[in-house]
Amino acid sequence: MAEKKLGDLFYDTLKDIYFAERQILKTLPKLAKAAQSEELKAAFLTHRDETEMHVERLTQVFDIIGKRAQAKTCEAIKGILEEGDEVMEEYTGSEALDAGLVAGGQAVEHYEMSRYGALKTWATQLGFKDAAALLDQTLQEEKKTDALLTRLAEQTINRKAA
């Protein structure tokens, strides 16, 4: 068996985040529907639109590296999304629901930021300049969404839940 290299790790991680983004795309409308705050609903729906673009960019990255776009089951994102489902079930009707949705949303964002940060660095190392630029664009959007969720939590949502 050939020794695995950074290119293999890059490709495996790319398949992982491709799976994750497609799962997140399915989950965001459920989060928006469950949210009580109109601002939080809007944030989830806006991020759904961005996530569609994230999937498209990932497809472009696969093209750049000459590989077929394919997903590899990501147990980490499945677990994070399952936790979000539990919060929706257990806190329906509670003032704390939105606080739980924000926390779950941020868990997703932090996972994505760690993956996109690594992928961008690896793409640069591997000489995939165009792929690195696409990955960085998505990384910046994930950071922006995380900052928005923090602002919503600190300014209104956590206070209502207290």
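Now for a quick tour of the structure.

Rules used in this analysis
Residues numbered from 1 in each chain as written. Predicted model: local features only at pLDDT ≥ 70, side-chain atom pairs only at ≥ 80, totals over all residues. Heavy atoms only, no water. Phe/Tyr/Trp six-rings, centres within 6.5 Å; stacked < 30°, edge-to-face > 60°. Helix = DSSP H or I, 4+ residues; strand = E, 2+ residues; numbered from the N terminus. Buried < 20%, exposed > 50% of the residue type's maximum accessible area, 1.4 Å probe, protein only. 1 Å grid on protein atoms, 1.4 Å probe; cavity = no way out; pocket = protein on both sides within 12 Å on 5 of 7 lines; lining within 4 Å. Points joined across faces, edges and corners; volume = space filled by probe spheres on them. Axes fitted to C-alpha atoms, helices over the stretch in contact; angles between N-to-C directions. Parallel < 35°, antiparallel > 145°, perpendicular 65-115°, else oblique. Left-handed = near helix turned anticlockwise from the far one by under 90°. Nonpolar A, V, L, I, M, F, W, Y, C, P; charged D, E, K, R; others polar. Expected span 1.5 Å × (residues − 1). Bend = angle between axes of the 7 residues up to and from the residue. Patch = residues over 30% accessible without salt bridge, like charges linked within 9 Å, V, L, I, M, F, W, Y side chains within 5 Å. Areas by Shrake-Rupley, 256 points an atom, 1.4 Å probe, with all protein chains shown as cover. Salt bridge = Lys/Arg side-chain N within 4 Å of Asp/Glu carboxyl O. Lys, Arg positive; Asp, Glu negative; His and termini not counted. Charge placed at Lys NZ, Arg CZ, Asp CG, Glu CD.

1. A word on the packing of aromatic side chains
Scanning the model with the defined rule gives 3 aromatic pairs in all. Aromatic pair Tyr11 and Phe62: ring centres 6.2 Å apart, planes at 85 degrees, arrangement edge-to-face. One end of the pair, Tyr11, is in helix α1 (residues 6–34); the other, Phe62, is in helix α2 (residues 38–64), and 51 residues separate them in sequence. Plain terms: the ring middles of Tyr18 and Phe62 are 5.4 Å apart, the flat faces sit at 80 degrees to each other, and that makes the pair edge-to-face. Note that Tyr18 is positioned in helix α1 and Phe62 in helix α2, a separation of 44 residues in sequence. The two residues Tyr18 and Phe62 agree in class, both being buried. These aromatic residues form a ring-pair network of at least three members: Tyr11, Tyr18 and Phe62.

2. With respect to empty space enclosed by the protein
Taken as a whole, this structure holds 1 cavity of 30 Å³ or more when the rule is applied. Roughly 180 Å³ of internal volume is contained in the largest cavity. Lining the largest cavity are 20 residues, and of these Leu31, Phe44, Gly104, Gly105 and Val108 lie nearest its centre. Mapped by element, the contributors of at least two residues to the lining of the largest cavity are α1, α2, α3 (75–91), α4 (97–125) and α5 (129–161).

3. Points about the packing of α1 against α2
It is at 9 Å that the axes of α1 and α2 come closest, and there the two elements cross at 155 degrees. The angle between α1 and α2 places the two elements in the roughly antiparallel class. Remark: the crossing between α1 and α2 carries left-handed chirality. For the contact of α1 with α2, the residue count by class is 17 nonpolar, 4 polar and 7 charged.

4. Quick look at α1
Taking 1.5 Å of rise per residue, the 29 residues of α1 would be expected to cover 42 Å, and the 40 Å separating its terminal C-alpha atoms lies within 8% of that figure. Maximal helix bending in α1 amounts to about 30 degrees, located at Thr27; proline Pro29 follows within four positions.

5. A short note on a negative patch on the surface
Together, Glu82, Glu83, Glu86, Glu89 and Glu90 make up a negatively charged patch on the protein surface. Following the sequence through the fold, Glu86 ends up in helix α3. What makes Glu86 partly exposed here is its relative accessible area of 44%.

6. A short note on the pattern of salt bridges
Two side chains bearing opposite charge may form a pair once their charged atoms approach each other closely. Inspection of the entire model under this criterion finds 8 salt bridges. Between Glu141 and Arg57 there is a salt bridge; the shortest N-O distance is 3.0 Å. In this pair, Glu141 is assigned in helix α5 and Arg57 in helix α2, connecting sequence segments 84 residues apart. Assigned by exposure class, Glu141 and Arg57 land together as buried.

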